[in-house]
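One letter stands for each residue in the lines below.
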Amino acid sequence: ISVNCVQLLYANSGITYDSPVSFLTIVSLTIGLDSKIKWPNDILIDGKKVCGILTESTYFGGKLVGIVIGIGINLVGTKEQLKFVKSPATSLEIEGFTVERDVILEKIYEEFFKNYESILNLGFSFIKYDYKRKSHYKFGDKITFSKDLGKKENGIFRGFDENGALMFENKNSEIEVLNCGEIV
C-alpha cells in the first residue's frame, strides 16, 4: 500500500502543487462514472479501487526540477482476475465502461493541461469544490487512519484543509491535520 504526502513546493517563479489531489479530480471527472476519491491517491467505484496515482518529486541542489506522475487505471479485468487483489477492486470493463487506453490517456492529458495554469497558480483551492464533492468520505464519517509506519487510529473525518491535507478528529477530540498516511 502506497503512502503519498500532500505538499506545496515553492519552485522558481510560483507554486507547484505536488499532489495526487489535482490528478485524482481530473481522472475521476474524466472517467465519467460515479467514482469517488479516496484520500490521498485512489479512485473508487462502489467502494472498489479502479485507479491509483503516485507522484514523485525530483530535486537538484534543493530546487524542484521535475515531477513524475504514475497513473494506474484498471481498464480491463474480470471479477475472477481481480479476486486475487488484496483490497476490493474493479475495472472499467466490469463497470460497463469500455475505452481504449490511448483515448483515456488523451482525455486525462487534455483535462490536465486545460487546467494546468490554474492548478499551478491556485493549487488545491482550484479543485477543492470538486474534490470535496467527489470524496468517498463525508464530514462526520468514522474512519480508521494509518500513519507512523502502519499505526492505526480511529477517529472522525473533518474534511480537508486549504492545501488538501486531511483533517481528522482523534480520540481526544483534537483535530489533526494529516499530510501523509492512508484511510484504511
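So, how was this worked out
- Residues numbered from 1 in each chain as written.
- Predicted model: local features only at pLDDT ≥ 70, side-chain atom pairs only at ≥ 80, totals over all residues.
- Heavy atoms only, no water.
- Helix = DSSP H or I, 4+ residues; strand = E, 2+ residues; numbered from the N terminus.
- Buried < 20%, exposed > 50% of the residue type's maximum accessible area, 1.4 Å probe, protein only.
- Contact = heavy atoms within 4.5 Å.
- Areas by Shrake-Rupley, 256 points an atom, 1.4 Å probe, with all protein chains shown as cover.
- Patch = residues over 30% accessible without salt bridge, like charges linked within 9 Å, V, L, I, M, F, W, Y side chains within 5 Å.
- Salt bridge = Lys/Arg side-chain N within 4 Å of Asp/Glu carboxyl O.
- Core = buried A, V, L, I, M, F, W, Y, C linked by side-chain atoms within 4.5 Å.
- Arc of directions from axis to C-beta.
- Phe/Tyr/Trp six-rings, centres within 6.5 Å; stacked < 30°, edge-to-face > 60°.
- Expected span 1.5 Å × (residues − 1).

Along the protein chain, the regular secondary structure elements total five helices and 12 strands. Classification of the 184 residues of the protein chain by burial places 42% in the buried group. Partitioning the contacts of the protein chain with sequence separation of at least 6, the portion at a separation of at least 24 is 49%. Carbon and sulfur atoms form 53% of the exposed surface of the protein chain, whose accessible area is close to 10500 Å².

Moving on, we get to a nonpolar patch on the surface. Taken together, the side chains of Ile 67, Ile 69 and Ile 71 define a hydrophobic patch exposed on the protein surface, amounting to about 200 Å² of accessible area. Tracing the backbone shows Ile 67 in strand β7 (residues 63-73). The class for Ile 67 is partly exposed, based on a relative accessible area of 32%.

Time to look at the nonpolar core. Counting 14 residues, the largest nonpolar core has Trp 39, Tyr 131, Ile 143, Phe 145, Phe 160, Leu 166 and Ile 183 as its most contacted members. Contributing elements (two or more residues each) for this core: α5 (124-134), β8 (142-147), β9 (151-160) and β10 (166-169). Element by element, the count of residues in this core is highest for α5, at three residues. Not counting chain neighbours up to four residues away, the residues in contact with Leu 166 comprise Trp 39, Ile 143, Phe 145, Phe 157, Gly 159, Phe 160, Glu 176, Val 177, Leu 178 and Ile 183. If you look at the next biggest cluster of nonpolar residues, it comprises 11 residues, including Ile 45, Val 50, Leu 92 and Val 99.

What follows deals with α5. Within the sequence span of α5, burial applies to Phe 124, Ile 127, Tyr 131 and Lys 134. For α5, the buried positions fall inside an angular range of 85 degrees around the axis, keeping them on one side.

Now for the packing of aromatic side chains. Going through the model one piece at a time under the given rule, you end up with six aromatic pairs. Judged by centre distance (6.3 Å) and plane angle (50 degrees), the rings of Tyr 137 and Phe 157 are tilted. In this pair, Tyr 137 is assigned in the loop between α5 and β8 and Phe 157 in strand β9, connecting sequence segments 20 residues apart. The same class applies to Tyr 137 as to Phe 157, namely buried. Relative to Phe 160, the ring of Phe 157 has its centre 5.2 Å away and its plane inclined at 70 degrees; by these criteria the two rings are edge-to-face. With respect to class, Phe 157 is no different from Phe 160; both count as buried. What links up through ring pairs into an aromatic cluster is the set Phe 124, Tyr 131, Tyr 137, Phe 157 and Phe 160.

Once that is clear, we can look at helix α3 (residues 101-114). The end-to-end C-alpha distance of α3 is 20 Å, a good match for the 20 Å that 14 residues give at a rise of 1.5 Å each. Residues Ile 104, Ile 108 and Phe 112 constitute the buried set of α3. For α3, the buried positions fall inside an angular range of 70 degrees around the axis, keeping them on one side. Turned more than 90 degrees away from the buried face of α3 sit Asp 102, Tyr 109 and Lys 114, all of them exposed.

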